[in-house]
Amino acid sequence: MGTTGFDAAPRVHDVLNEGWVGIVLLIAMTVLAWTNVRARKKWTLLRDGVFRMRLGQQTMRDDISLRDRGLISLLIAAMALIGLFIHQSVLYSGGLAAGLPAFLPILAAVVGVTIAQALVIRLTSWFFKVDPGLGEYLYTSLLLTVACGLALLPFTLIMAYQPAARNITVILGAVLLLAMLAYRWFRAVIIGLGQGVAPGNILLYICASEILPAALAVQALAQQAHLLSDPV
């Protein structure tokens, strides 16, 4: 019996476009839609958090709360998108096994780094009994994390559904991540200097709360990727 053209062309499995990727993207976009309908003020807060060098005391007192479900939902969605883009980029480069089990450690690392940075800020403020801009920097960091994740949404969509554009998308997305990280450190310097903190102390803080957790996460991910890629 002959075969039709459709039968003769087997479907190619795309590891960057598996079903769970669509679910992650759908959840993230659902959070954005809910925010747009029920908490539109969060967009103004994000705009101020990205483009204003300093957050006013009134903004931190009235508009930002770590118990705010809207902000927490946006933060979770942003961390998922950051983790997804990192997973897609490393997988596209051939340095990681495919599938949800390879994505989950990356997501855990992104969440762990975010929590570790927040804890370092809180512990520093508690230990020294002072708040030389640490509270402001904590809120600024969270808002920048949300902004970075949302900015990566189109990149993750292109990586998943536009194979021809993946090469340039990886490059542009990596540039965005590095630029946001550099901007975050720049904001730390601006906030610290504005509070009269010595430049040496600012550098020490950046190393302790920003670079060290990220370096530990990268090392852990490298070990996990090696375990996943090794045959049993």
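Going by the structure above, here's the rest.
The following paragraphs examine the structure supplied in this document.

**Quick notes on the environment of Arg166**
No. 1: Among the structural elements, Arg166 can be located in helix H9 (residues 166-194).
No. 2: Note on Arg166: relative accessible area 6%, which makes it buried.
No. 3: Sequence spacing of Arg166 and Gln88 is 78 residues, and the spatial spacing of their C-alpha atoms is 9.5 Å.
No. 4: Once residues within four sequence positions are removed from consideration, Arg166 is found in contact with Asp14, Leu16, Tyr92, Ile158, Met159 and Ala160.

**Remarks on empty space enclosed by the protein**
No. 1: Following the criterion strictly, the structure yields 1 cavity of 30 Å³ or more and no others.
No. 2: By volume, the largest cavity amounts to about 40 Å³.
No. 3: Together, Thr114, Gln117, Ala118, Ile121, Leu138, Ser141, Leu142, Thr145 and Arg184 line the largest cavity.
No. 4: A breakdown of the residues in the lining of the largest cavity according to their chemical character gives 4 nonpolar, 4 polar and 1 charged.

**Looking at helix H5 (residues 69-92)**
No. 1: Taking 1.5 Å of rise per residue, 24 residues should cover 34 Å, and H5 covers 34 Å from first to last C-alpha, within 8% of that figure.
No. 2: Counting buried positions along H5 gives 17 out of 24 residues, so the element sits mostly inside the fold.
No. 3: Following H5 by one or two positions, Gly94 adopts a phi angle in the positive range, close to 85°.

**Concerning the packing of helix H2 (residues 19-38) against helix H8 (residues 153-161)**
No. 1: Closest axis-to-axis distance for the H2/H8 pair is 11 Å, and the angle between their directions is 155°. The angle between H2 and H8 falls in the class roughly antiparallel. Of the two possible hands of crossing, H2 and H8 adopt the one that is left-handed. Each of Val21, Gly22, Leu25, Met29 and Leu32 in H2 lies in contact with H8, whose residues at this interface are Leu153, Thr156, Leu157, Ala160 and Tyr161.

**Overview of the pattern of salt bridges**
No. 1: A full pass over the atoms with the stated rule returns 1 salt bridge.
No. 2: In this structure, the salt-bridge partner of Arg166 is Asp14, at a minimum N-O distance of 2.6 Å. Highlighted residues: Arg166 in helix H9 and Asp14 in the loop between helix H1 (5-8) and H2, separated in sequence by 152 residues.
No. 3: In this structure Asp14 comes out as partly exposed when scored by relative accessible area, which is 22%.

**So, the packing of aromatic side chains**
Each aromatic ring pair is characterised by the separation of its centres together with the angle its planes make.
No. 1: Taken as a whole, this structure holds 2 aromatic pairs when the rule is applied.
No. 2: For the ring pair Phe85 and Phe155, a centre distance of 6.3 Å and an interplane angle of 75° mean the geometry is edge-to-face. Taken together, the residues Phe85 in helix H5 and Phe155 in helix H8 connect sequence positions 70 residues apart. No difference in accessibility class separates Phe85 from Phe155, as the two residues are buried.

Criteria and cut-off values
- Residues numbered from 1 in each chain as written.
- Predicted model: local features only at pLDDT ≥ 70, side-chain atom pairs only at ≥ 80, totals over all residues.
- Heavy atoms only, no water.
- Helix = DSSP H or I, 4+ residues; strand = E, 2+ residues; numbered from the N terminus.
- Buried < 20%, exposed > 50% of the residue type's maximum accessible area, 1.4 Å probe, protein only.
- Contact = heavy atoms within 4.5 Å.
- 1 Å grid on protein atoms, 1.4 Å probe; cavity = no way out; pocket = protein on both sides within 12 Å on 5 of 7 lines; lining within 4 Å.
- Points joined across faces, edges and corners; volume = space filled by probe spheres on them.
- Nonpolar A, V, L, I, M, F, W, Y, C, P; charged D, E, K, R; others polar.
- Expected span 1.5 Å × (residues − 1).
- Axes fitted to C-alpha atoms, helices over the stretch in contact; angles between N-to-C directions.
- Parallel < 35°, antiparallel > 145°, perpendicular 65-115°, else oblique.
- Left-handed = near helix turned anticlockwise from the far one by under 90°.
- Salt bridge = Lys/Arg side-chain N within 4 Å of Asp/Glu carboxyl O.
- Phe/Tyr/Trp six-rings, centres within 6.5 Å; stacked < 30°, edge-to-face > 60°.

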